[in-house]
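Structural description and commentary
Spelled out from the first residue to the last, the chains are:
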Amino acid sequence: MEQTAKKTIVSLKDIFVRFDGEVILNHISLDIHEKEFVTILGPSGCGKTTTLRIIGGFVEPESGDVIFDGRRINGTPPNKRNVNTVFQKYSLFPHLNVFDNVAFGLKLKKLPKDEIKRRVSKMLATVDLKGYEKRSVSTLSGGQQQRVAIARALVCDPDIILLDEPLGALDLKLRKCMQLELKEIQRSTEKTFIYVTHDQEEALTMSDRVVVMNNGAIEQVGTPEDIYNEPVNAFVADFIGEANILNGTMIDDCRIRILGRELECVDKGFGRNTPVDVVIRPEDIIITKPETGQLVGVVESSTFKGVHYEMSIRVGKCEIIVQSTKSAEIGSTVGMMVVPFNIQIMNKLLPFYDNIIETVVTGADEADNSFEFRLEDESVTVPGHYYPEGTRLRITLPPDALSLAGDGDGDIDDVYIESVVYKGEHNEIILESDERKWLMLSDVDEQVATYVPLSFDFSKAGFEVLDPEPAETEG
Ligand code: ATP
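Residues numbered from 1 in each chain as written. Predicted model: local features only at pLDDT ≥ 70, side-chain atom pairs only at ≥ 80, totals over all residues. Heavy atoms only, no water.

Right, let's talk about the confidence of the model for the protein chain for a bit. Across the protein chain, the average pLDDT comes to 90, with 96% of residues at or above 70. Looking across the protein chain, the model is least confident in helix α5 (residues 172-189), with a mean pLDDT of 85, and most confident in strand β19 (residues 333-337), with 97. (pLDDT = per-residue confidence, 0-100. Helix = DSSP H or I, 4+ residues; strand = E, 2+ residues; numbered from the N terminus.)

What follows is the structure in structure tokens.
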């Protein structure tokens, strides 16, 4: 649930950042409210830290405005912004004790000694480190050091605290504990916390609102409940919690076809016979007798997870994950039911893809049964097919004809992995080369936001000879 209207404390407006010619933040806009805990969440390399550094004043955008309290502050150095940052590496001063570490910023401001003492003591009490004043920071545990770093950031009374994966170095148990403490510190101090993490559970636990980023863009902003229950696309659904993401067809308003069955849903306005992505959370699937199920499958595995069983159920070629307090027998045939409200329909990440190349043969070797064409400034050789030089061709590559090659081995050298979403059978991977997007199917978990060589298996391709007209063509 969205909270009542709050005052905006920071606005990013149409921020564009490039490093070494590469787009890092692609025109992002974001409003952050007073006293809220906002988490920027996304996979490694998506631009979270850069967004935080823009707010902190450590990075200047190429274009766009940074607004604090209604005032544009582009160009204002970090120390002139009412912001403090807590990094993953706490960067405490090892030679100073706890008190002096926390007091550091206040001493720089040349505040009176008794005021420094009062403020440091109050802050140490807030972070539950009363009595630790004289301890050397090097003798503290990771969690305690983290609390010193937070106290040091808070003691100067900034409006905004920026936290860049501050719990990343802690073990799981301590991290969970610190998540709750951090939230409590934020609540009691009424500061705005802007937190960066790639851990979705952390984001859902602590935040008033979550900003989901991918590939230099903001995919969705909302409360943890919004993001979990109403993901706007397959990327968000996949990134947040466990989800079955399936290819479906919206037959008409409130009617969806998945896995060869028609089901009722509550979504409207997608048009008729529109390909869509369908999300069903594992906990929303009810196991039934086969004859009463909307879907029918065979139980392949069942694992007890403490509170529920997690089952993998095969429907045709597709794997569906179900969480249930009762386990079904492995090998048995079961039915599955989902109430319409729990079927979430989303637009496809890549609404239109063709993997189709229209080109002209630039070289041919009849004896070798091969030909060449140019694709985005590279010459590609197609073995096993011969067409004379100058032939106009349409080459259709099904998504399983694409693969990511080893170093220097590709038909196109560098393509960018934009998203990877498991669709119950394969990963659906969206790639971007200089001139187009590609859809690829793969069983390998590829790393998003990396550049890889792309190869084509032309034995799976379709070739169609086109009329010589028109004269102007491109690869
Ligand atoms: P992570 O979770 O791994 O920290 P992130 O989402 O915080 O990732 P950023 O640190 O914002 O990502 O980086 C986004 C991209 O920008 C990455 O590809 C990174 O290599 C690149 N990048 C960041 N800072 C610079 C810089 N100063 N110069 C060149 N490239 C940079």
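A separate point is the sheet that holds strand β22 (residues 370-375). Read across the sheet, 5 strands follow the order β23-β22-β21-β24-β30 without closing on themselves; strand pairing throughout is antiparallel. In the strand order of this sheet, the two ends are held by β23 (378-383) and β30 (462-465), each with one partner. With strand direction ignored, the average angle separating the axes of adjacent strands in the sheet is 40°. (Pairing = 2+ DSSP bridges. Axes fitted to C-alpha atoms, helices over the stretch in contact; angles between N-to-C directions.)

Looking now at the packing of helix α4 (residues 142-155) against α5. At a minimum axis separation of 11 Å, α4 and α5 run at an interaxial angle of 20°. With respect to α5, the element α4 is oriented roughly parallel. Handedness of the α4/α5 crossing: right-handed. Residues Gly142, Gly143, Gln146, Arg147, Ile150 and Leu154 of α4 form the contact with α5, whose own contacting residues are Leu174, Met178, Glu181, Leu182, Ile185 and Thr189. Among the residues forming the contact of α4 with α5, the class breakdown is 6 nonpolar, 4 polar and 2 charged. (Parallel < 35°, antiparallel > 145°, perpendicular 65-115°, else oblique. Left-handed = near helix turned anticlockwise from the far one by under 90°. Contact = heavy atoms within 4.5 Å. Nonpolar A, V, L, I, M, F, W, Y, C, P; charged D, E, K, R; others polar.)

This next bit is on the sheet that holds β19. Taking strand neighbours across the sheet as the criterion, the 5 strands line up as β15-β19-β16-β17-β18 in an open arrangement whose pairing is antiparallel. With one partner strand each, in any of the chains shown, β15 (286-288) and β18 (318-324) form the two edges of the open sheet. Averaged over neighbouring strand pairs, the angle between their axes works out to 45° when direction is ignored. With 3 bridges joining them, β15 and β19 adopt antiparallel strand pairing. Bridged to Thr288 within β19 is Gly335.

Along the polypeptide, Lys423 turns up in the loop between β26 (412-422) and β27 (427-432). Here the alpha-carbon distance between Lys423 and Asp277, two residues 146 residues apart in the chain, equals 9.1 Å. Among residues more than four places away in sequence, those in contact with Lys423 are Ile245, Leu246, Asn247, Asp277, Cys318, Lys348 and Glu428. Here the side chain of Lys423 touches Asn247 through a polar contact of 2.9 Å, side chain to side chain. (Polar contact = N/O pair within 3.5 Å; in protein donor to acceptor, adjacent residues only side chain to side chain.)

Before going further, it helps to spend a moment on the domain arrangement of the protein chain. Each assigned domain of the protein chain is listed with its residue range as follows: domain 1 (8-229), domain 2 (234-346) and domain 3 (352-465). Each of domain 1 and domain 3 has a C-alpha centre, and the two are 43 Å apart. Listed per partner, the contact involves 6 residues of domain 1 and 7 residues of domain 3. In this assembly, domain 1 packs against domain 3 so that about 450 Å² is buried in total across both faces, 43% of it on carbon and sulfur atoms. (Domains from an automatic or database assignment. Buried area = accessible area lost by both parts, 1.4 Å probe.)

Time to look at the site of the ligand. Residues in contact with the ligand, as listed here, are Phe19, Asp20, Ile24, Pro43, Ser44, Gly45, Cys46, Gly47, Lys48, Thr49, Thr50 and Glu165. Note that an oxygen atom of the ligand is positioned 3.0 Å from one of the backbone N or O atoms of Gly47. Separating an oxygen atom of the ligand from a side-chain N or O atom of Thr49 is a distance of 2.7 Å. In the complex, the protein chains occlude 59% of the 640 Å² of accessible area that the ligand would expose alone. (Near = heavy atom within 4 Å. Areas by Shrake-Rupley, 256 points an atom, 1.4 Å probe, with all protein chains shown as cover.)

Pairing between strand β1 (residues 8-19) and strand β2 (residues 22-33): 9 bridges, direction antiparallel. Bridge pairing in β2 links Ser11 to Asp31. Linkage of β1 to β2, two consecutive antiparallel strands, is achieved through a turn of 2 residues, within which Asp20 is found at a positive phi near 50°.

Turning our eyes to something else, we now look at the pattern of salt bridges. In a structure, side chains of opposite charge can pair up when their charged atoms sit close to one another. In total, this model carries 25 salt bridges according to the counting rule given. For the salt bridge of Lys191 with Asp157, the shortest nitrogen-to-oxygen distance reads 2.5 Å. With a gap of 34 residues between them, Lys191 in the loop between α5 and β8 (192-197) and Asp157 in the loop between α4 and β7 (160-164) connect regions that are remote in the sequence. Here the salt bridges do not stand alone but share partners, grouping Asp277, Lys348, Lys423 and Glu428 into one network. (Salt bridge = Lys/Arg side-chain N within 4 Å of Asp/Glu carboxyl O.)

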